[in-house]
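Okay, here's what each chain looks like letter by letter:
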Amino acid sequence: MFRPVVILILLSLIVRPALAIDYDTLRRRMVQEQIKARGIRDERVIEAMLKVPRHLFVPERYRHRAYGDHPLPIGEGQTISQPYVVALMTEALRLKPTDRVLEIGTGSGYQAAVLAEIVREVYTIEIRQTLADRARRVLKELGYKNVKVKHGDGYFGWPDAGPFDAIIITAAANHVPPPLLRQLKDGGRLILPLGEVYYYQTLTLIEKKGPKLITTQMGPVSFVPMIGEIRRRHTR
Ligand code: SAH
């Protein structure tokens, strides 16, 4: 009578491990199909994306979709960016191993981890306390000692830690916060989704060359809005 039950239990013990998701394979496939195939060439960016366990930065119920070609919810109405967008923005910053980078919008901490694989120091600011705390914990658990997470409004940057070789804003802004431009080194690069906050923005790279700012538009992207001080200002 109980034999079928025993057989089922035994079967599930054998089949379960086979059903476990092979995240390494998913990650390699993601890099091949979404990153390399779309023209990302910087070896450091490719290596970093092969290494960082993206599935550990998303809520458990979305883990199986972590390597898909799309953003995912991370709580508080916020999202982790699509893998390709992370790669594109990181490559555009032309990072060197000795660089110090500032990120505005820590979110899950994934972009910060990718940066931390490439550069010496990463400073990242998150305005939502729960996200800042969670990202700090995940980054610590994964052993990222060169990332500092701060809870606060990234509009003002991190004056004590600046100036930076590169700055990345991962929330939509209708202007570049002037304090961030001040904290960018001469020769430094800043990238952000610039434009009206709802729906699409233009991925914009700004290079500081002495008194000049050289702007390159890199195409449409869709990010969640930057909040806080930026909403109280009208500078463009
Ligand atoms: N880079 C993140 C995704 C960013 S989502 C990742 O890799 O997961 C955008 C994040 O910017 C959200 O978490 C949002 O809370 C944060 N944010 C919005 N306005 C901000 C501000 N003024 N300062 C710092 N963070 C801000």
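Residues numbered from 1 in each chain as written. Predicted model: local features only at pLDDT ≥ 70, side-chain atom pairs only at ≥ 80, totals over all residues. Heavy atoms only, no water.

Turning our eyes to something else, we now look at the nonpolar core. Of all hydrophobic cores here, the largest spans 52 residues; its most connected members are Ile-40, Met-49, Phe-57, Leu-95, Tyr-110, Val-147 and Ile-191. If we skip the residues at most four places from it in the chain, Tyr-110 touches Met-30, Met-49, Val-52, Arg-54, Phe-57, Ile-80 and Val-86. Within the second largest apolar cluster, 21 residues are counted, among which are Tyr-155, Leu-180, Leu-192 and Met-226. (Core = buried A, V, L, I, M, F, W, Y, C linked by side-chain atoms within 4.5 Å. Buried < 20%, exposed > 50% of the residue type's maximum accessible area, 1.4 Å probe, protein only. Contact = heavy atoms within 4.5 Å.)

Let us look at the layout of surface pockets. Within this model, the largest pocket holds a volume of roughly 510 Å³. Taken together, 35 residues make up the lining of the largest pocket; nearest its centre are Thr-79, Thr-170, Ala-171, Phe-223 and Val-224. If you list the elements that add at least two residues to the lining of the largest pocket, you get β2 (78-80), α4 (83-92), β3 (100-104), α5 (110-118) and β4 (121-126). Residue composition of the lining of the largest pocket, grouped by class: 18 nonpolar, 13 polar and 4 charged. Lining the second largest pocket we find Leu-56, Phe-57, Val-58, Pro-59, Glu-60, Arg-63, Ser-108, Arg-134, Val-138, Glu-141 and Leu-142. The class makeup of the residues in the lining of the second largest pocket is 6 nonpolar, 1 polar and 4 charged. (1 Å grid on protein atoms, 1.4 Å probe; cavity = no way out; pocket = protein on both sides within 12 Å on 5 of 7 lines; lining within 4 Å. Points joined across faces, edges and corners; volume = space filled by probe spheres on them. Helix = DSSP H or I, 4+ residues; strand = E, 2+ residues; numbered from the N terminus. Nonpolar A, V, L, I, M, F, W, Y, C, P; charged D, E, K, R; others polar.)

A cluster of nonpolar side chains, Val-5, Val-6, Ile-9, Leu-10, Leu-13 and Ile-14, forms an exposed patch at the surface whose accessible area comes to about 580 Å². By secondary structure assignment, the location of Val-6 is in helix α1 (residues 3-19). (Patch = residues over 30% accessible without salt bridge, like charges linked within 9 Å, V, L, I, M, F, W, Y side chains within 5 Å. Areas by Shrake-Rupley, 256 points an atom, 1.4 Å probe, with all protein chains shown as cover. Salt bridge = Lys/Arg side-chain N within 4 Å of Asp/Glu carboxyl O.)

Below, the discussion takes up the side chain of Thr-124. Relative to the assigned elements, Thr-124 resides in strand β4. Within polar-contact distance, the side chain of Thr-124 engages the side chain of Glu-103 at 2.8 Å. If we skip the residues at most four places from it in the chain, Thr-124 touches Glu-103, Thr-106, Ala-112, Val-147, Lys-148, Val-149, Lys-150 and Trp-158. (Polar contact = N/O pair within 3.5 Å; in protein donor to acceptor, adjacent residues only side chain to side chain.)

As a further point, take the environment of Ala-161. One can find Ala-161 in the loop between β5 (147-151) and β6 (164-169). Residue Ala-161 is classed as buried on the basis of its relative accessible area, which comes to 9%. Residue contacts for Ala-161: discarding those within four places in its chain leaves Arg-100 and Tyr-123.

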